[in-house]
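Reading the structure
Next come the chains, spelled out residue by residue.
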Amino acid sequence: MAKSAWDTLIRNALVFDGTGAEPREMDIAIEGGRIAACGSSLPTGEALNIIEAEGQWLMPGLLDIHTHLDLEVDLEPGLPEVVRHGTTTVLVGNCSLGTCFGRQQTGDQNPIVDCFTRVENIPKSVLRQCVEAVQWDNTEDYLDHFEDIPLGPNIGAFIPHSMLRIEVMGLKDSISREPTEAELTRMEQLLEQGMKQGYVGMSTDGLPFHYLASEPHTAQRIPTQFATFGEMKRLLKVLRKYDRVWQTTPIIENRAKAFLYFMLTSGRLFGKTLKTSALSVMEFVLMPGAHKSFLGFAALMNSRLMKGNIHFQALGTNFRIWSDGIVSPLYEELGSTCELIAKEYDDVEGRMALLNDPDFALRFREDWHHGRRGRTLAHLKTKLGAPDNLVIRDLYLMIFDGAPVADWDGESMQAVYDRLERWQQGAQADARSDEERAAFELFPRPIRDDADFMLHMLRTYDKAFRFWVDVGNAGNKATLELLKYKHAMPGFNDSGAHITNMAFFDANLMSLKLAQAESLQTVSLMVRRLTREPAAFFGLDVGSLDIGAQADIVLLDPEALQAWDSNDTRVLEYRELFQHNQMFNRSEGVVKTVLIHGEPVWQDGEATSALGGQRLGRALRAA
């Protein structure tokens, strides 16, 4: 019997090829894991398997350019939470953190646990499992090891600067002194080795609330933040040489300094253009005009005058963050709550001692009200849309979702606070239930203000109450325009990080949904922005439907996409893999089929046996 010419034929889909061209109804044939033919009415007799895709959208597998899946991928290489959302390529090693140098353990130092715990809000119990899976100790073996595991999506990796400093200097020295000339030279050598091996670039970080998590370093930030401008220039010169990417975050404590660092993209100032992918651009609730200055700066840097190549990553959905009590990336920004978070996750006694310390209560109240009241410069700056802190402390914007009192779920904290005040003033009928009445009995009398309210919640319930806030892109009023802007790029999904605080695996799908609401032409643009455009920027051979390209393909149901809202489908569930709760997105019915290297890995709402059962994706080497 003659062998079929094609392994798989996908018929009658509306195809968005990633170039930005208008979609066309056509067939796609796959052979040997690659695109073999594209056209109308391809012969069905030539195919071993046929996928009928009438009414569905077909596009290249989507890229997620900002993830923290470095740890999870070695515990569950199929990465099903990625694939179910149509993503077939992910970048790891972001924000200066990663595992490409191995465990890096010396004595009682465990840098992976120390760095990831608070920066990415992943409990130590979960991280220790991940560290146990690390069986390499150098950057070459790290990329090679992906050939030996049943990898689902393709992986591209940055050299993470914090881990590079630790590799050369050790953890303690990397946060306590400047490197010697010999150490700087060694960092340059290791970075150059990585570029030759195919790493997409180097990542650094400047956010002021990224702290180490283990004694005696809990008051210290991660190593990348101790680098001088001179060190950065020397290392980034290596990236310029190989035309690789610098991924970074802003130094938001000093905005002038942040823009100075971003100017390192300029070929006019530094001899050769440096490709730069920076976080992030969105419409912040407390700083609604900030994105305009970032994008204006990017336009200047990318002009012929400055010869730069910088974009700011744009999140394709509202930036909704959950908090378990005060355990949240948001509250690392305030000095007092940062002290609370520095306590071990299970150290209830330590947190209670701090919360009941009168001096701490004063510091907490000062932080809580900073910029929000009084005739102060900080309050004026907040009113002008340039606050000192971006953490939201407005009870109107803080919504219970996992409240200790059932009546409170779905309500703002302000609504509960208002009822509490009325109840304390004698309106006993305002208590909705016996459970709420019992909770009100525990509050201090009289309740002075919202700071007292939050202090009481923390003292009474510790981490056993959850709430969310939309920090940015509230209502997605400006999200689509930011995603479309030529000096931005869809990203900042943080997939795999903050496992109980956020879930943006679905941000790519939301980008497509927002585009769909405008026009099919906008969908074509968005597909390009999620596939070919980032692939070209990072130097990766994915994101295409060209003949001979690896057959990474997604089929979507446009009607299900239109009806779906990510805010309705985020859930907190126990994940056996981590033996811990995790937030997930459940965009059921939107993604119909996902193929990686021509193999169906997601069909009919579930993973196939191929996902995690055989190696399909690959370690991508930038060229």
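Scroll up for the structure.
Our subject in this report is the structure included herewith.

Basis of the calculations
- Residues numbered from 1 in each chain as written.
- Predicted model: local features only at pLDDT ≥ 70, side-chain atom pairs only at ≥ 80, totals over all residues.
- Heavy atoms only, no water.
- Helix = DSSP H or I, 4+ residues; strand = E, 2+ residues; numbered from the N terminus.
- Rg over C-alpha atoms; globule rule 2.2 N^0.38 Å.
- Buried < 20%, exposed > 50% of the residue type's maximum accessible area, 1.4 Å probe, protein only.
- Contact = heavy atoms within 4.5 Å.
- Areas by Shrake-Rupley, 256 points an atom, 1.4 Å probe, with all protein chains shown as cover.
- Lys, Arg positive; Asp, Glu negative; His and termini not counted.
- Charge placed at Lys NZ, Arg CZ, Asp CG, Glu CD.
- Patch = residues over 30% accessible without salt bridge, like charges linked within 9 Å, V, L, I, M, F, W, Y side chains within 5 Å.
- Salt bridge = Lys/Arg side-chain N within 4 Å of Asp/Glu carboxyl O.
- Pairing = 2+ DSSP bridges.
- Polar contact = N/O pair within 3.5 Å; in protein donor to acceptor, adjacent residues only side chain to side chain.
- Axes fitted to C-alpha atoms, helices over the stretch in contact; angles between N-to-C directions.
- Phe/Tyr/Trp six-rings, centres within 6.5 Å; stacked < 30°, edge-to-face > 60°.
- Parallel < 35°, antiparallel > 145°, perpendicular 65-115°, else oblique.
- Left-handed = near helix turned anticlockwise from the far one by under 90°.
- Nonpolar A, V, L, I, M, F, W, Y, C, P; charged D, E, K, R; others polar.
- Expected span 1.5 Å × (residues − 1).

What about the overall build of the chain?
Secondary structure summary: the chain contains 23 helices and 22 strands in total. Computed over the C-alpha atoms, the radius of gyration of the chain is 25 Å, within 12% of the 25 Å expected from 2.2 N^0.38 for a compact globule of 623 residues. C-alpha atoms of the chain, sized along the principal axes, occupy 85 × 65 × 50 Å. For the chain, the residues scored as buried account for 61% of the 623 residues in total. Contacts spanning at least 24 positions in sequence make up 75% of the contacts within the chain whose residues lie at least 6 apart. Total accessible area on the chain stands at roughly 23,500 Å², and carbon and sulfur atoms take up 49% of it. Once the 63 positive and 86 negative side-chain charges of the chain are each reduced to a mean point, those two points are 8 Å apart.

Here's the deal with a nonpolar patch on the surface
A cluster of nonpolar side chains, Leu 377, Leu 380 and Leu 384, forms an exposed patch at the surface whose accessible area comes to about 340 Å². Tracing the backbone shows Leu 380 in helix 15 (residues 377–383).

What about the sheet that holds strand 15 (residues 466–472)?
Taken in spatial order, the three strands of this open sheet run 13-15-14, and their pairing is antiparallel. Each of the sheet's edge strands pairs with one partner strand only, and the pair in question is strand 13 (319–324) and strand 14 (399–400). Pairing of strand 14 with strand 15, which is carried by two bridges, proceeds in the antiparallel orientation. Looking at the pairing, Ile 399 lines up with Trp 468 of strand 15.

Description of the pattern of salt bridges
Applying the stated criterion across every chain yields a total of 39 salt bridges. With a closest N to O distance of 2.9 Å, Glu 231 and Arg 165 form a salt bridge. Taken together, the residues span a long stretch of sequence, with Glu 231 in helix 8 (residues 229–242) and Arg 165 in helix 5 (residues 161–169) at a distance of 66 residues. By relative accessible area, which is 3% here, Glu 231 ends up buried. Measuring nitrogen to oxygen at the nearest pair gives 3.3 Å for the salt bridge that ties Asp 541 to Arg 618. Here Asp 541, found in the loop between helix 22 (532–538) and strand 17 (553–556), pairs with Arg 618, found in the segment after strand 22 (606–607); they are 77 residues apart in sequence, far enough to count as distant. Beyond isolated ion pairs, a larger network of salt bridges with shared partners links Glu 81, Arg 84, Glu 573, Arg 586 and Glu 588.

Quick notes on the side chain of Arg 575
Along the polypeptide, Arg 575 turns up in strand 18 (residues 570–575). Here Glu 72 takes part through its side chain, which lies 2.9 Å from a polar atom of the side chain of Arg 575. When near neighbours in sequence (up to four residues on either side) are disregarded, Arg 575 contacts Glu 72, Glu 76, Glu 81, His 580, Gln 582 and Phe 584.

Here's the deal with the pairing of strand 13
Among the six residues in strand 13, six count as buried, and that is most of the element. A two-sided burial pattern is seen for strand 13, the buried positions comprising Phe 319, Ile 321 and Ser 323 on one face and Arg 320, Trp 322 and Asp 324 on the other. The pairing of strand 13 with strand 15 spans six bridges and is antiparallel. Pairing of Phe 319 across the sheet is with Gly 472, part of strand 15.

Some thoughts on the sheet that holds strand 12 (residues 309–314)
Read from one edge of the open sheet, eight strands run 6-7-8-9-10-11-12-16, paired in parallel fashion. The open sheet is flanked by strand 6 (62–64) and strand 16 (488–490), the only strands paired with a single partner. Across this sheet, the average inter-strand angle for adjacent strands is 30 degrees, counted without regard to direction. Bridging between strand 8 (residues 154–160) and strand 9 (residues 201–203) involves three bridges; their strand directions are parallel. The partner of Phe 158 across the bridge, within strand 9, is Gly 201. Packed on one face of the sheet, helix 11 (residues 290–301) meets strand 11 (275–281), strand 12 and strand 16 and runs near 155 degrees to strand 12.

Topic: the pairing of strand 18
Strand direction decides the pairing type here: strand 18 and strand 19 (residues 580–585), joined by six bridges, are antiparallel. Bridged to Tyr 574 within strand 19 is Asn 581.

Some remarks on the packing of aromatic side chains
Enumeration over the complete set of coordinates arrives at 24 aromatic pairs. Look at Trp 136 and Tyr 142: their rings are 5.3 Å apart centre to centre, the planes differ by 55 degrees, and that puts the pair in the tilted class. As far as the burial class goes, Trp 136 and Tyr 142 line up, both buried. Here the aromatic cluster, defined as three or more aromatic residues joined through ring pairs, consists of Phe 259, Phe 262, Phe 294, Phe 297 and Phe 312.

Quick notes on the packing of helix 2 (residues 111–119) against helix 3 (residues 124–132)
The interhelical angle for the contact between helix 2 and helix 3, taken along N-to-C directions, is 140 degrees, at an axis separation of 10 Å. When the axis of helix 2 is compared with that of helix 3, the two are oblique. For the element pair helix 2 and helix 3, the recorded crossing hand is right-handed. Counted together, Ile 112, Val 113, Phe 116 and Thr 117 of helix 2 and Lys 124, Leu 127, Arg 128 and Val 131 of helix 3 form the full contact between these two elements. Split by residue class, the contact of helix 2 with helix 3 holds five nonpolar, one polar and two charged.

Re the environment of Leu 212
Residue placement: Leu 212 occurs in the loop between strand 9 and helix 8. C-alpha separation for the pair Leu 212 and Asp 114, spaced 98 residues apart in sequence, amounts to 5.3 Å. When neighbours within four sequence positions are excluded, Leu 212 is seen to be in contact with Asp 114, Cys 115, Arg 118, Leu 171, Ile 175, His 217, Thr 218, Gln 220, Arg 221, Ile 222 and Pro 223.

As for helix 16 (residues 413–424)
The first and last C-alpha atoms of helix 16 sit 16 Å apart over twelve residues, in line with the 16 Å expected at 1.5 Å per residue. Among the residues of helix 16, those classed as buried are Met 413, Gln 414, Val 416, Tyr 417, Arg 419, Leu 420, Trp 423 and Gln 424. Buried-residue contacts for helix 16 involve strand 14, helix 17 (434–442), helix 18 (450–461) and strand 15.

Focus on the environment of Leu 264
Structurally, Leu 264 can be placed in the loop between helix 9 (255–262) and helix 10 (267–270). Residues Leu 264 and Lys 275, spaced eleven residues apart in sequence, show a C-alpha to C-alpha distance of 9.4 Å. Look past the residues within four positions of Leu 264 in its chain and what remains in contact with it is Phe 229, Lys 233, Leu 236, Arg 240, Trp 246, Phe 270 and Leu 274.

A short note on the side chain of Glu 81
Note that Glu 81 resides in helix 1 (residues 80–83). We classify Glu 81 as buried; its relative accessible area is 8%. Engagement of the side chain of Glu 81 in a polar contact is seen with the side chain of Arg 84, the distance being 3.3 Å. Setting aside chain neighbours within four positions, we find Glu 81 in contact with Phe 505, Arg 575, Phe 584, Asn 585 and Arg 586.

Focus: unusual backbone geometry
The omega torsion across Leu 279 and Ser 280 is -25 degrees, close enough to zero to call that bond cis. Geometrically, the link from Arg 445 to Pro 446 is a cis peptide bond, its omega value of -10 degrees lying close to zero. Among the secondary structure elements, Pro 446 is positioned in the loop between helix 17 and helix 18. With phi around 60 degrees, Gln 104 is a residue other than glycine that occupies positive phi space. Within the secondary structure, Gln 104 sits in the loop between strand 7 (87–92) and helix 2. Backbone geometry places Gln 579, a non-glycine residue, at a positive phi of 50 degrees. Position of Gln 579 among the secondary structure elements: in the loop between strand 18 and strand 19.

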